[in-house]
Amino acid sequence: MTLEEKVGQLVQRAGGRQRALNSRIDDTELERVRAGGVGSYLHVAGAEPLAKLQKVAVEESRLGIPLLFAMDVVHGYRTIFPVPLAMAATWAPEAQERAARVAADEATSAGLHWTFAPMVDIARDPRWGRIVEGAGEDPYLGSRMAVAQVAGYQGGNTLRPGALMATTKHFGAYGAAIGGRDYNTADISERTLQEVYLPPFYAAARAGSGSFMVAFNDIAGVPTTSNRDLVRGLLRERWGWQGLMVSDWGSIAELLNHGVAADRAAAAVLALDASVDMDMVGDVFAVDLKDAIAKDPARLKLLDEAVLRILRVKEQLGLFDKPMQYHDVERESRELLAPDHRDAARAIARQSLVLLKNDNKLLPLNPAKLKSVAVIGALAGDGRNELGSWKAQGRPEEVVTVLQGITAALPKSVKVTSAPGADPRNNDLTGIPAAVKLAKAADVTLLMIGEDFDLSGEARSRSTLELPPSQLELARAILATGRPVVVLLANGRPLALQELADKAPAILETWMLGVEAGNAVVDVVFGQYSPAGRLPAAFPRVSASVPFYYAGNPTGRPADPDLAKDTVRYHDLPITPLFAFGHGLSYSEFRYSDLAQSVPAVGPGERVDISITVENTGGVASDEVVQLYVRDPVATISRPVMELRGFKRLELGAGQRKRVTFSLTPEQLAFWSPRGQWQVEAGRIDFWIGASSADLRANGSFEISKSHLGTAPATALPTRVTVSNN
Ligand code: BGC
């Protein structure tokens, strides 16, 4: 390969903007491809257009190296699933894997080799708009969801021909942006980085994620795009990951703005040295790398390594043998929005719903007892909104909206009325009186309020977690009627809902649910399916209390409800969140009993099995998410008051009972020691099993008999869970 051809492999160009895919592939672009100046395109799609483009690369360039086609297929390609935060609320990695599998089937049929997902950034500050793209606040839940997505996209832990390559992003602490402001600095301790932000990356690397993406931001002054210690040192050398590292959009060029490179050539060298292989859109490698290498030929070795990693994934995906494998137009038309994909979207959407509040069992509604229903809220009829951030090729007109779903589900004898009332996108309150009139005349009102899709996602951080003003006004007016009201909440982040939670008898969290939104809401509202989703991030009472997460340290003055005591709390706020991490109600009730453990103490290489029986005593078939939390009460460093280390979403028929066993190893209790090692310390470990972090039903403890070093981030390691029928 000539130097130009090598550099060309490192270049990723945009084939279009998100909404105008392929629009930039003009004659000039084709010339670049012929000259071997492009390794990959993003924001492209379609079996046929991409076949043409691939043919140019393979048949008309000197070396015939195929291109890699990439897109942000984040929660579906054409069949759009719930937004990732909602899918995390299923607490069902198998559902998440299925969604990723469907997305991969559709995307690969449409010419794509590569998706920029999963996003595994832990988010403890819900003001950060990108919380919607990830699995929330917890590294253990986040690790399980990360692994499920890699498995779903790639169909296994090695890349194979025909697979969709996953990208685990945004390495290393993008979600820790100060103040929740997107792109902002993360200034966190080494321990927090290792224990909280990095574990899902480790889990995804182990699961074989073919590529990774570096974050835009810096950690304590070092932008990840130029972070040699983190990318080359930790990820590649210590963790042994050898995949393709792509920059984020222009993030190599942005090293100038960060103030760590004086010019673009310096930026190119820093990124290459950190082992960033491909330059997304910035054109820094394309324009400035050649001269930098001419100045110092030792850099050629770094370039060769990067080229090799890119060529290797192309080979693993089968592109050298069968470059046209991803371009079967007939398959594309069969896959996109296939009926079983819609079925999967409905099943997963209803698993994502979280019942936050349900006073006097207002839900489920019995259609046989209803004469009229009012559906109020601009979002109820808004298909675009249900597609959320990163809609790929999702189309609003293919969405079953909540209004459509409800209208179709109810018998003709029930009168359905609807009015937008007020729209979250503006402050026009003039529609409220008409909505109130309908609510007064109806047996029950379904009030859909919240954030619209454009309030969460990239560059969509908010300074407040309150409902948009018009939504709160609408809710106040409807609730003031005194008529039964079920709130259907739409949002891409935890919100501060104190007033709403005080006034509304029932609140169902519907997030943004994708193409089957309306049907999934119908299934739950009318009782075909009992909700069992759980919050993957706590809802605070007021905005000003964030960051607020359950796994904090006890401190010298642990929080106490008694205001007479001086403890770590706000004086003017209860110490608990409004809705805790792991919270979610169902239509049934569950009894936890017969806690048992296999051994009182564990040593290196051993495990303790913790078992409990869960019985559905509420008379309604329902899932229940059983959660295991641990705490190291005395260690050389202060450990969090509780941490998730296992969970299982159980399906339980009315009256049915199942026994769940969690198997823990000492390595899963390791912490990042002041010496920079994973340390397992001898001593007692306390544990709890419950239905949420605030609803603990049983507890016990075991001993770790011997101190020793662990080998991996503790929260990245999976707890083995077995279920039996007795
Ligand atoms: C985002 C990435 C995304 C990329 C390509 C960037 O702005 O941060 O998450 O994959 O654009 O669309």
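We now turn to the structure provided with this report. Because the structure is a prediction, the values reported are computed rather than measured. (Residues numbered from 1 in each chain as written. Predicted model: local features only at pLDDT ≥ 70, side-chain atom pairs only at ≥ 80, totals over all residues. Heavy atoms only, no water.)

**Section: the overall build of the protein**
(1) Moving on: A count of helical and extended segments in the protein gives 21 helices and 28 strands.
(2) Moving on: Overall size of the protein, expressed as C-alpha extent along the three principal axes, is 75 × 65 × 50 Å.
(3) Moving on: Looking at the protein residue by residue over its 726 residues, the buried ones come to 63%.
(4) Moving on: A fraction of 79% describes how many contacts in the protein between residues 6 or more apart in sequence connect residues 24 or more apart.
(5) Moving on: Just so you have it, the protein exposes about 25700 Å², and 50% of that area is on carbon and sulfur atoms.
(6) Moving on: In the protein, 78 side chains carry a positive charge and 84 a negative one; their mean positions are 3 Å apart. (Helix = DSSP H or I, 4+ residues; strand = E, 2+ residues; numbered from the N terminus. Buried < 20%, exposed > 50% of the residue type's maximum accessible area, 1.4 Å probe, protein only. Contact = heavy atoms within 4.5 Å. Areas by Shrake-Rupley, 256 points an atom, 1.4 Å probe, with all protein chains shown as cover. Lys, Arg positive; Asp, Glu negative; His and termini not counted. Charge placed at Lys NZ, Arg CZ, Asp CG, Glu CD.)

**Quick word on the sheet that holds strand 17 (residues 590-597)**
(1) Moving on: Within the open sheet, the 4 strands sit side by side as 17-19-22-28. Their pairing is antiparallel. Across the chains shown, the open sheet's two edge strands, defined by having one partner strand only, are strand 17 and strand 28 (720-724). On average, adjacent strands in this sheet sit at an angle of 20° to one another, irrespective of strand direction.
(2) Moving on: As judged from the 6 bridges shared by strand 17 and strand 19 (residues 608-616), these two strands associate in the antiparallel manner. From the neighbouring strand, Y592 faces strand 19, where its bridge partner is V614. (Pairing = 2+ DSSP bridges. Axes fitted to C-alpha atoms, helices over the stretch in contact; angles between N-to-C directions.)

**Some remarks on the site of the ligand**
(1) Moving on: Near the ligand you find 14 residues, and of these D72, R130, H170, D248 and E458 are the closest.
(2) Moving on: R130 has a polar side-chain atom sitting 2.7 Å from an oxygen atom of the ligand.
(3) Moving on: In the model, an oxygen atom of the ligand is placed 2.6 Å from a nitrogen or oxygen of the D248 side chain.
(4) Moving on: Residue composition of the shell around the ligand, grouped by class: 7 nonpolar, 2 polar and 5 charged. (Near = heavy atom within 4 Å. Polar contact = N/O pair within 3.5 Å; in protein donor to acceptor, adjacent residues only side chain to side chain. Nonpolar A, V, L, I, M, F, W, Y, C, P; charged D, E, K, R; others polar.)

**A look at unusual backbone geometry**
(1) Moving on: In this structure, H170 follows K169 across a cis peptide bond, with omega equal to -5°.
(2) Moving on: Within the secondary structure, H170 sits in strand 5 (residues 167-171).
(3) Moving on: Between V546 and P547 the backbone carries a cis peptide bond, its omega angle lying at -5°.
(4) Moving on: In this fold, P547 is placed in the loop between helix 21 (517-525) and strand 17.
(5) Moving on: Even without a glycine there, the phi angle at V281 is positive, about 70°.
(6) Moving on: The topology assignment puts V281 in the loop between strand 10 (279-280) and helix 12 (284-295).
(7) Moving on: Judged by its relative accessible area of 23%, V281 is partly exposed.

**Quick notes on the packing of helix 6 (residues 139-154) against helix 8 (residues 199-206)**
(1) Moving on: Where helix 6 contacts helix 8, the two axes come as close as 8 Å, and the packing angle between them is 25°. The angle between helix 6 and helix 8 falls in the class roughly parallel. The two elements helix 6 and helix 8 meet at a crossing, and its hand is right-handed. Listed contacts from helix 8 to P139, G142, S143, R144, A146, V147 and V150 of helix 6 are P199, P200, A203 and A204.
(2) Moving on: Class assignment for the residues of the contact of helix 6 with helix 8 results in 8 nonpolar, 2 polar and 1 charged. (Parallel < 35°, antiparallel > 145°, perpendicular 65-115°, else oblique. Left-handed = near helix turned anticlockwise from the far one by under 90°.)

**A few points about the packing of aromatic side chains**
(1) Moving on: All chains considered together, the criterion is met by 18 aromatic pairs.
(2) Moving on: Taken together, a centroid distance of 5.2 Å and an interplanar angle of 65° make the contact between W114 and F116 edge-to-face.
(3) Moving on: You can call W114 buried: its relative accessible area is 0%.
(4) Moving on: Given the relative accessible area of 1%, F116 is considered buried.
(5) Moving on: Note on W672 and W678: the rings are 5.1 Å apart at their centroids and 70° apart in plane angle, and the pair reads as edge-to-face.
(6) Moving on: In this structure W672 comes out as buried when scored by relative accessible area, which is 5%.
(7) Moving on: Each member of the aromatic cluster is reached from another via a ring pair, and the members are W91, Y140, Y550, F581, Y629 and F647.
(8) Moving on: Stacked on the ring of Y549, the Lys or Arg R124 has its end atom at 3.6 Å from the ring centre. (Phe/Tyr/Trp six-rings, centres within 6.5 Å; stacked < 30°, edge-to-face > 60°. Lys NZ or Arg CZ within 6 Å of the ring centre and 35° of its normal.)

**So, helix 3 (residues 47-60)**
(1) Moving on: Here helix 3 spans 19 Å end to end across 14 residues, near enough to the 20 Å set by a 1.5 Å rise per residue.
(2) Moving on: What helix 3 keeps buried is the set A47, L50, A51, L53, Q54, V56 and A57.
(3) Moving on: Residues of helix 3 that are buried make contact with helix 2 (27-34), strand 2 (40-42), strand 3 (68-71), helix 5 (93-109) and helix 14 (329-335). (Expected span 1.5 Å × (residues − 1).)

**Side note on the packing of helix 5 against helix 15 (residues 339-352)**
(1) Moving on: Two elements in contact, helix 5 and helix 15, have axes separated by 10 Å at closest approach and are oriented at 150°. On the basis of the axis angle, helix 5 is roughly antiparallel to helix 15. Once helix 5 is placed against helix 15, the crossing between them reads as left-handed. Mapping the contact onto sequence places A95, R98, A99, V102 and E106 in helix 5 and D340, H341, A344, I348 and Q351 in helix 15.
(2) Moving on: Here the contact of helix 5 with helix 15 is built from residues that sort into 5 nonpolar, 2 polar and 3 charged.

**Re the sheet that holds strand 21 (residues 643-652)**
(1) Moving on: An order of 18-26-25-20-21 is seen for the 5 strands of this open sheet, with the pairing classed as mixed. In this open sheet, the two edge strands, each paired with only one partner strand, are strand 18 (601-602) and strand 21.
(2) Moving on: Pairing of strand 25 (residues 683-692) with strand 26 (residues 695-704) involves 9 bridges; the strand directions are antiparallel. Bridge assignment links R684 to a residue of strand 26, and that residue is E703.

**Looking at the side chain of K169**
(1) Moving on: Locating K169 in the fold gives a position in strand 5.
(2) Moving on: Among the polar contacts listed, one links the side chain of K169 to the side chain of D72, at a separation of 3.3 Å.
(3) Moving on: Among the polar contacts listed, one links the side chain of K169 to the backbone oxygen of F116, at a separation of 2.8 Å.
(4) Moving on: Beyond its immediate stretch of four places on either side in the chain, K169 contacts D72, F116, P118, M119, V120, D121, R130, F201 and M213.

**Overview of the side chain of H327**
(1) Moving on: Summarising the element assignment, H327 is placed in the loop between helix 13 (300-316) and helix 14.
(2) Moving on: At 3.1 Å, the side chain of H327 and the backbone oxygen of A47 are in polar contact.
(3) Moving on: The contacts of H327, once residues within four sequence positions are left out, are A47, L50, A51, Q54, F69, G111 and H113.

**Looking at the pattern of salt bridges**
(1) Moving on: Applying the stated rule across the entire model yields 50 salt bridges.
(2) Moving on: A salt bridge links D288 to R264; its shortest N-O distance comes to 3.1 Å. Here the residue D288 occupies a position in helix 12, and R264 occupies one in helix 11 (residues 264-274), the gap between them amounting to 24 residues.
(3) Moving on: The class for D288 is buried, based on a relative accessible area of 17%.
(4) Moving on: Overlapping salt bridges bring together R232, R236, D277, K301, E305 and R309 as one network. (Salt bridge = Lys/Arg side-chain N within 4 Å of Asp/Glu carboxyl O.)

**Focus: the nonpolar core**
(1) Moving on: Judged by nonpolar contacts, the single largest core of 99 residues is most densely connected at L112 and F171.
(2) Moving on: Counting residues per element, this core draws most heavily on helix 13, at 7 residues.
(3) Moving on: Beyond its immediate sequence surroundings of up to four residues, L112 is in contact with V44, A45, L50, F69, A70, M71, V73, Y77, A107, L164 and Y326. (Core = buried A, V, L, I, M, F, W, Y, C linked by side-chain atoms within 4.5 Å.)

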